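Observations on the three-dimensional arrangement
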Amino acid sequence: MNANRITVVSLFVTCVLATTAVRAAEPKTSPAEIEKIRAELKPLRERASEEPEVVAARAALDAAYRAYWSAVRAAMLRLDPASRDLIERDITHRQSLPALRPPTSPGQ
């Protein structure tokens, strides 16, 4: 199970680094042009996000993200046990914030 999480995180980091490298090499696009492209691709992106392999990849990414933050919090507690109350308050605060995107579920 940990190997799968590591693989998902590794793939995610690779994609982020590759995207960053490509963006640095591309000529700069105006914000208006970027918004136009995003608006044009939005319906296709929404349809693609319903495909089974995309839903599964998103679920794996979400699980890896939760595992990452769980490991970060555990390390923070190990490094500074006195910060437990502050860490727990931070978690409570973050959980009270509205989601940035709707939760994914296999049926969506």
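Digging into the packing of helix α3 (residues 52–79) against helix α4 (residues 84–96)
Orientation of α3 relative to α4, taken along the N-to-C sense of each, is 160°, at an axis distance of 10 Å. In this view, α3 runs roughly antiparallel relative to α4, as classed from their interaxial angle. Seen from α3, the contacting residues are R73, M76 and L77; seen from α4, they are R84, I87 and I91. Residues of the contact of α3 with α4, tallied by class, amount to four nonpolar, no polar and two charged.

Looking at a nonpolar patch on the surface
Taken together, the side chains of F12, V13 and V16 define a hydrophobic patch exposed on the protein surface, amounting to about 240 Å² of accessible area. With respect to the element layout, V13 can be found in helix α1 (residues 2–25).

Describing the packing of aromatic side chains
By the definition in use, this model includes two aromatic pairs. Consider the rings of Y65 and W69, whose centres lie 6.3 Å apart with planes at 70°: the pair is edge-to-face. With Y65 and W69 both in helix α3 and four residues apart, this pair spans about one turn of that helix. Among the residues examined, Y65 registers a relative accessible area of 53% and is labelled exposed. When its relative accessible area of 32% is taken as the criterion, W69 is described as partly exposed.

Conventions adopted
Residues numbered from 1 in each chain as written. Predicted model: local features only at pLDDT ≥ 70, side-chain atom pairs only at ≥ 80, totals over all residues. Heavy atoms only, no water. Axes fitted to C-alpha atoms, helices over the stretch in contact; angles between N-to-C directions. Helix = DSSP H or I, 4+ residues; strand = E, 2+ residues; numbered from the N terminus. Parallel < 35°, antiparallel > 145°, perpendicular 65-115°, else oblique. Contact = heavy atoms within 4.5 Å. Nonpolar A, V, L, I, M, F, W, Y, C, P; charged D, E, K, R; others polar. Patch = residues over 30% accessible without salt bridge, like charges linked within 9 Å, V, L, I, M, F, W, Y side chains within 5 Å. Areas by Shrake-Rupley, 256 points an atom, 1.4 Å probe, with all protein chains shown as cover. Salt bridge = Lys/Arg side-chain N within 4 Å of Asp/Glu carboxyl O. Phe/Tyr/Trp six-rings, centres within 6.5 Å; stacked < 30°, edge-to-face > 60°. Buried < 20%, exposed > 50% of the residue type's maximum accessible area, 1.4 Å probe, protein only.

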